[in-house]
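A structural walkthrough
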Amino acid sequence: MTDNDVAGLQRRLVEFAAARDWQPYHTPKNLAAALSVEASELLEIFQWLTPEQAERVMDEPGSAHRVADEVADVLAYLLQFCAVLGVDPLTALAAKIDRNEVRFPVRRRGGGGEKGDAADDRHSSE
């Protein structure tokens, strides 16, 4: 494994925290809270943008750098959270996609917005 795959990055994060004696603070509760804060900081970048402005956020170097930094923070805390609890994030994601493929079968678009048609399926990650 390299340092740029998920397991390698997760290992680097664990080693980074261990070298600084941060393990006592890296509890599931604290890491979940930190993950939420970082996700909120990512959302803050987009808070007052129009949909069109949000689509172009990566065109401006300053905002692109902020987005990349916040994405890195979110992923770092998620990987640390998974390490503490022993969750394989890729296995968990694959299982979730499998469940969602059953839960939300492919349907033709163009329905009248009735319960159970494609319009109700836009939150498939839940």
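Nothing here was measured: the structure is a model prediction, and the numbers come from that model.

Moving on: the overall build of the chain. In terms of regular secondary structure, the chain is built from five helices and zero strands. Helices and strands in the chain line up, N terminus first, as α-α-α-α-α. Taken over 126 residues, the chain has a buried fraction of 19%. A total of about 9,500 Å² of accessible surface is found on the chain, and carbon and sulfur atoms cover 58% of it.

The next subject is helix 5 (residues 89–103). Over its 15 residues, helix 5 extends 21 Å from the first C-alpha to the last, a length consistent with the 21 Å expected when each residue adds 1.5 Å. Capping the start of helix 5 is the job of one residue whose side-chain oxygen sits 3.0 Å from the backbone nitrogen of leucine 90: aspartate 88.

To continue, consider the environment of serine 63. With respect to the helices, strands and loops of the structure, serine 63 is situated in helix 4 (residues 61–85). Judged by relative accessible area, which is 13%, serine 63 ranks as buried. Along the backbone, serine 63 and phenylalanine 46 are 17 residues apart, and their C-alpha atoms lie at a distance of 9.7 Å.

Turning next to unusual backbone geometry. Positive phi, close to 55°, is recorded for aspartate 21, a residue that is not glycine. Structurally, the position occupied by aspartate 21 is in the loop between helix 1 (6–19) and helix 2 (28–46). When its relative accessible area of 55% is taken as the criterion, aspartate 21 is described as exposed.

The subject of this paragraph is the packing of helix 1 against helix 4. Look at helix 1 against helix 4: their axes get within 9 Å of each other, and the N-to-C directions meet at 85°. Comparing the axis directions of helix 1 and helix 4 gives the class roughly perpendicular. Mapping the contact onto sequence places Val6, Leu9, Gln10, Leu13 and Val14 in helix 1 and Ala76, Leu79, Gln80, Cys82 and Ala83 in helix 4. When the residues that make up the contact of helix 1 with helix 4 are grouped by side-chain class, the tally is eight nonpolar, two polar and no charged.

Moving on, we get to a nonpolar patch on the surface. Nonpolar side chains collect at one region of the surface, where Phe16, Trp22 and Tyr25 lie side by side and expose about 340 Å² of accessible area between them. One can find phenylalanine 16 in helix 1.

Moving on, we get to the packing of aromatic side chains. To describe a pair of aromatic rings, one takes the distance between the centres and the angle between the planes. Inspection of every chain in the model, using the stated rule, returns one aromatic pair. When the ring of phenylalanine 16 is compared with that of tryptophan 22, the centres are 5.5 Å apart and the planes differ by 70°; the resulting orientation is edge-to-face. Here arginine 20 stacks its cationic end above the ring of phenylalanine 16, 3.5 Å away from the centre of that ring.

Before going further, it helps to spend a moment on the environment of arginine 56. Locating arginine 56 in the fold gives a position in the loop between helix 3 (51–55) and helix 4. Judged by its relative accessible area of 47%, arginine 56 is partly exposed. Polar contacts involving the side chain of arginine 56 include one to the main-chain carbonyl oxygen of glutamate 52, which spans 3.2 Å.

It is worth spelling out the confidence of the model for the chain at this point. The predicted coordinates ought not to be read in detail in places where the model reports low pLDDT. Averaged over all residues, the pLDDT of the chain is 90; the fraction at 70 or higher stands at 84%. Looking over the chain, one finds the lowest element-wise mean pLDDT in helix 1, namely 95, and the highest in helix 2, namely 98.

Reading the values: rules and limits
Residues numbered from 1 in each chain as written. Predicted model: local features only at pLDDT ≥ 70, side-chain atom pairs only at ≥ 80, totals over all residues. Heavy atoms only, no water. Helix = DSSP H or I, 4+ residues; strand = E, 2+ residues; numbered from the N terminus. Buried < 20%, exposed > 50% of the residue type's maximum accessible area, 1.4 Å probe, protein only. Areas by Shrake-Rupley, 256 points an atom, 1.4 Å probe, with all protein chains shown as cover. Expected span 1.5 Å × (residues − 1). Polar contact = N/O pair within 3.5 Å; in protein donor to acceptor, adjacent residues only side chain to side chain. Axes fitted to C-alpha atoms, helices over the stretch in contact; angles between N-to-C directions. Parallel < 35°, antiparallel > 145°, perpendicular 65-115°, else oblique. Contact = heavy atoms within 4.5 Å. Nonpolar A, V, L, I, M, F, W, Y, C, P; charged D, E, K, R; others polar. Patch = residues over 30% accessible without salt bridge, like charges linked within 9 Å, V, L, I, M, F, W, Y side chains within 5 Å. Salt bridge = Lys/Arg side-chain N within 4 Å of Asp/Glu carboxyl O. Phe/Tyr/Trp six-rings, centres within 6.5 Å; stacked < 30°, edge-to-face > 60°. Lys NZ or Arg CZ within 6 Å of the ring centre and 35° of its normal. pLDDT = per-residue confidence, 0-100.

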